[in-house]
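Architecture and fold: a report
As a plain string of letters, each chain reads:
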Amino acid sequence: MNKGFVYLVGAGPGRADLITVRGAELLKAADCIICDKLANPALLSYAGPNAEIIHVPKRIGSGSFTQQEINNLLIEKASSGKTVVRLKGGDPCIFGRGAEEAALLAEAGIDFEIVPAVTAAIAAAEYSGIMLTHRDYSSQVVFITGHEADNKANTNIDWHLLAKFPGTIVFYMAMGNLDFIVEQLIKNGMAEEMPAAVIADATLSSQRVAKASLSRISEKCKQEKTEPPAIVVIGTAADSNTKLSWFMKKPLFGRNIVVTRDVPGNAGFAAKIIKHAGNPIEFATIRIKPLTQTSQFLQTLAKLAEYDWIIFTSANGVSIFLDCLRSLQKDSRVFGPAKIAAIGSETAAKLDEFSIKADFVPTVFTGKELGKQLIGFANLKGKKILLLRSQLASDELGELLEQAGAKVDNVAIYTVVTEKSECKWLTEKIAEGAVDWLTFASPSSVKGFFAQIRSDLVNSSNVKVASIGPVTSQHLKNLGVRVDVTAREHTTDGLLAAIERTHE
Ligand code: SAH
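One structure accompanies this document, and this report is about it. Remember, predicted model here, so these are calculated numbers, not experimental data.

Some points on the packing of aromatic side chains
Taken as a whole and judged by the stated rule, the model has 19 aromatic pairs. Each ring, one from Phe247 and one from Phe253, has its centre 5.4 Å from the other, and the planes form 70°; the classification is edge-to-face. Seen in terms of ring centroids, Phe360 and Phe377 are 4.7 Å apart; in terms of plane orientation they differ by 40°. Their pairing is tilted. Taken together, the residues span a long stretch of sequence, with Phe360 in the loop between helix H11 (345-353) and helix H12 (367-377) and Phe377 in helix H12 at a distance of 17 residues. The class of Phe360 is buried, set by a relative accessible area of 8%. Relative accessible area serves as the criterion here: at 47%, Phe377 is assigned to the partly exposed category.

Some points on the packing of helix H8 (residues 263-275) against helix H18 (residues 492-503)
One can describe the packing of H8 onto H18 by two numbers: an axis separation of 11 Å at closest approach and a directional angle of 40°. Here H8 is positioned oblique relative to H18, judged by the angle of their axes. Considering the relative orientation of H8 and H18, their crossing is right-handed. Between H8, through Phe269, Lys272 and Ile273, and H18, the contact on the second element is made entirely by Thr492, Asp493, Leu495 and Leu496.

A short note on the environment of Arg216
Within the element layout of this structure, Arg216 appears in the loop between strand S9 (208-213) and helix H7 (217-223). Arg216 sits 24 residues away from Glu192 along the chain, and the two C-alpha atoms are 8.3 Å apart.

Things to note about the site of the ligand
Around the ligand, the structure places 17 residues, and the nearest of them are Asp91, Ile94, Thr119, Met173 and Ala230. One nitrogen or oxygen atom from the main chain of Met173 is found 2.8 Å from an oxygen atom belonging to the ligand. Contact between the ligand and Ala230: an oxygen atom at 2.7 Å from a main-chain N or O atom of the residue. Taking 540 Å² as the accessible area of the ligand by itself, protein coverage stands at 90%. A per-class count over the shell around the ligand returns 12 nonpolar, 3 polar and 2 charged. Formed jointly, the shell around the ligand draws a minimum of three residues from each of two domains, domain 1 (5-118) and domain 2 (122-248).

The rules behind the values
Residues numbered from 1 in each chain as written. Predicted model: local features only at pLDDT ≥ 70, side-chain atom pairs only at ≥ 80, totals over all residues. Heavy atoms only, no water. Phe/Tyr/Trp six-rings, centres within 6.5 Å; stacked < 30°, edge-to-face > 60°. Helix = DSSP H or I, 4+ residues; strand = E, 2+ residues; numbered from the N terminus. Buried < 20%, exposed > 50% of the residue type's maximum accessible area, 1.4 Å probe, protein only. Axes fitted to C-alpha atoms, helices over the stretch in contact; angles between N-to-C directions. Parallel < 35°, antiparallel > 145°, perpendicular 65-115°, else oblique. Left-handed = near helix turned anticlockwise from the far one by under 90°. Contact = heavy atoms within 4.5 Å. Near = heavy atom within 4 Å. Polar contact = N/O pair within 3.5 Å; in protein donor to acceptor, adjacent residues only side chain to side chain. Areas by Shrake-Rupley, 256 points an atom, 1.4 Å probe, with all protein chains shown as cover. Nonpolar A, V, L, I, M, F, W, Y, C, P; charged D, E, K, R; others polar. Domains from an automatic or database assignment.

What follows is the structure, encoded as structure tokens:
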């Protein structure tokens, strides 16, 4: 039997893509992932399909685990020969009990590796423009656990020393004891006017920063309802220049944006929104169903090389087509000499992932423009063209090409069916004004969404509606929905850019 191995992996401070490359690699290879509450659950999407995932929240309440139970799990899984990733919020050994877990593994003779990560103090400071060290005012930083800062006689904190510390003081786990911490620092000689900052939910779209002098910081947190997890920074550093607060200045920061595609499409779009500092809310309205088992498709596949042009009008179509090729043990040579056109940059990029260069991409990403511009680009008279598309696509493109003298075959490689999602929650959030944007990337999503959510609710609330292009906007208008913005470039990036422009 294989000898088990445990990787103590830091998940980083919140935002999923702040994990290290090494951490992500190990998640992909793990047989078993034992996951802390503070680790971003989105990181579990790295896990392989057969990985066992065990959540071990340590808070009080049902389903919570004691450290002893976690230790037993680590030993049990590693002893059965598994590669275990113990995924911990922030860095594994900064107030993370990584030290205890490593000691336990060493004691039990189980091999382990520690994968460091960005700890909350550093991320919270940098995502709020606070510089923990600075040549002018802070040559030293101290990290302290505020958890021990209660009236316990056995506290390790030397308040006298700390009150005189000439640098930046950072407390973890301090929210429950903030009053006591402030009292001790002032009692031991720290100036009441010393700047302080509390950063909650650092690196996430829900990040909040409360700033005040030391004597007023606790009150300020109460006013602003600052909730853990939070980092407390005390020292001149906390009085940071607001110009350096780069993250919270991003146009989509703090915006709640609903994505309404299929589940995989939503995941990709949500990741982009997070990169722009927004908060995605995934609400699947459709499901893509491949039609690549049909005899029409299989017959077409056998004679692809006879076409002059093969046209893809969505990235979904490309993925489905190439997945099908792969499952049939074929590759891109099936295209033979046929030229390939893509409706837009996302479709072309998807082809490019398979090393297929589109021969033609229009400058405006709609079916109509693709037809018009392709007619200008190549002589299509008598040419054989194959459209590989959704069963629901409109006839406009095919008709345009036929008018130019082409012989057009239209083959559906997928269809779109409506998906049901948890709409009670979303309906309430829209009604409360807690949703900033609804985004629509296709007419099918419009149909799927408004099959579940009433259009008058949307029209009468503050929520804004963003559409990827004129065809989708027209479908919204046909349902009587007010459209606030239509993307200039008809891609998900273009959609986000259009929303950003309204917030600049
Ligand atoms: N090992 C972790 C810390 C675990 S202790 C690390 O290196 O970051 C838990 C404390 O970390 C919380 O009480 C809070 O003080 C801090 N923390 C973790 N994530 C945070 C976040 N996203 N924003 C602010 N503080 C955070």
